[in-house]
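Chain by chain, the residues:
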Amino acid sequence: MEPELRYTWIGAGLLLLVAALVATVLWLRGAGAASSFQGYRIVFARQSLEGLETGSSVNMRGIRVGQVASFALSADRGNSVSVEIRVDRSAPVWDNTVAVVSRNLLTGLARVNLVTPEPPGAPLALPENGGLPLIREGTSTDERIEEAANRFADSGIQALEGMRGFLSQDNQRAFGEALRNVASSAKVLEARLQRLDRTLTAIERGAGTFGRASDSMARSAQTIQDDFTDLKTQASAVVAQIGGTAASLERDTSRLARQVDAAVGSGSLELRATAQELRVTAELLDRTLNRLRDPRAAVLGPHPMQLGPGEKVK
């Protein structure tokens, strides 16, 4: 009995040692995880979490920064899923950061993307009650595509409703009446077009007559232009003759002026010589008359008192 009891104590001690070793490893892993990662909570109310699993990656700008720790249906908000994630403490999470779910088209596996719009806000602070910080839900690409498809479908339904209303009995009768009115208007328009064709034919004939009249006027204008050209040539010749006559008259006038100037010059010279001769003759006559006034001086000669300077009695 004693060997069996001893083996029992040995086995129990080994089990306790293994349990302590496992607890130590788990505690170290938990402490390391708590020191390297920060927990966050996301509440998804609109997006589908199909393909999302525990351990799915949490990405930021295409880089894995954490993983999904757990998820469960939210107890306080119906039709919502509360997801807890662990994110590396070095990854920046701001108060305007949102979470969206995206899927791989081939595998269908989902992941959580953290998106921060520009400009980033303040760092996301820890709540005062000691819980996990809450990251708001964003709008995924699938959701935007679904919304666009829904809007397109609503527009198509409205268009079909409008078409159905357009094809009602009253609208069909109105449409038939409009077609009949269009047909009658087309007949009236055809008649007016025929009258317009006739009018255009008359206008074309008038245009031909006007063209012929224009040709006649052009020929008359050309004849007048030729006559005017001849008249211009004759006038030019007459003007040239008048110019020659004026030049000849100018030359004759110049020559006559020169002759008159020469005649006047020679006459003035002759008149000057004649005047000098008349002055000399008048002096001689004056002297003679003076001598005739005194007979004694004329017979006996002049008195010495009558002699001029330098004159002597012979």
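Residues numbered from 1 in each chain as written. Predicted model: local features only at pLDDT ≥ 70, side-chain atom pairs only at ≥ 80, totals over all residues. Heavy atoms only, no water.

(A) Spotlight on the overall build of the protein chain. In terms of helices and strands, the protein chain carries 4 helices and 7 strands. The linear arrangement of helices and strands in the protein chain, starting from the amino end, is α-β-β-β-β-β-β-β-α-α-α. Relative to its 314 residues, the protein chain shows a buried fraction of 15%. Pairs at least 24 apart in sequence give 60% of the contacts found in the protein chain among residues at least 6 apart. Surface accessibility of the protein chain: about 24700 Å² in total, with carbon and sulfur atoms responsible for 62%. (Helix = DSSP H or I, 4+ residues; strand = E, 2+ residues; numbered from the N terminus. Buried < 20%, exposed > 50% of the residue type's maximum accessible area, 1.4 Å probe, protein only. Contact = heavy atoms within 4.5 Å. Areas by Shrake-Rupley, 256 points an atom, 1.4 Å probe, with all protein chains shown as cover.)

(B) Expanded view of the nonpolar core. Formed by 21 residues in total, the largest nonpolar core has its most connected members in Val-58, Val-83, Ile-85, Val-87, Val-112, Leu-114 and Ile-135. Sorting the residues of this core by element identifies strand 1 (37–44), strand 2 (57–60), strand 3 (63–73), strand 4 (81–88), strand 5 (98–103) and strand 6 (110–115) as the ones contributing at least two each. In this structure Ile-135 touches Tyr-40, Arg-41, Ile-42, Val-43, Ile-85, Val-93, Thr-97, Val-98, Ala-99, Leu-114 and Leu-124, once residues within four positions along its chain are discounted. (Core = buried A, V, L, I, M, F, W, Y, C linked by side-chain atoms within 4.5 Å.)

(C) Structural context of unusual backbone geometry. Put simply, Glu-118 and Pro-119 share a cis peptide bond, and its omega is -5°. Mapped onto the elements of the fold, Pro-119 is located in the loop between strand 6 and strand 7 (134–137). Phi angles above zero are rare outside glycine, and Arg-61 is one such case at about 55°. Since its relative accessible area comes to 80%, Arg-61 is described here as exposed.

(D) Up close: the side chain of Ser-57. Along the polypeptide, Ser-57 turns up in strand 2. Look at Ser-57 and you get buried, because its relative accessible area is 16%. What Ser-57 contacts, discounting residues up to four positions off in sequence, is Arg-64, Gly-66, Gln-67, Arg-111 and Val-112.

(E) Main features of the side chain of Ser-56. Mapped onto the elements, Ser-56 comes out in the loop between strand 1 and strand 2. In this structure, Ser-56 is in contact with Gly-51, Arg-64, Gly-66, Gln-67, Val-68 and Ala-110, ignoring residues within four places of it in sequence.

(F) Representation of the sheet that holds strand 6. The 7 strands are arranged 1-4-3-2-6-5-7 in a closed barrel whose pairing can be described as mixed. Neighbour-to-neighbour, the strand axes of this sheet turn through a mean angle of 35°, independent of strand direction. (Pairing = 2+ DSSP bridges. Axes fitted to C-alpha atoms, helices over the stretch in contact; angles between N-to-C directions.)

(G) Spotlight on the confidence of the model for the protein chain. Summing up the model confidence of the protein chain, the mean pLDDT is 76 and the portion of residues at 70 or higher is 65%. No element of the protein chain has a lower mean pLDDT than helix 4 (residues 295–300), which averages 56, and none a higher one than strand 2, which averages 95. (pLDDT = per-residue confidence, 0-100.)

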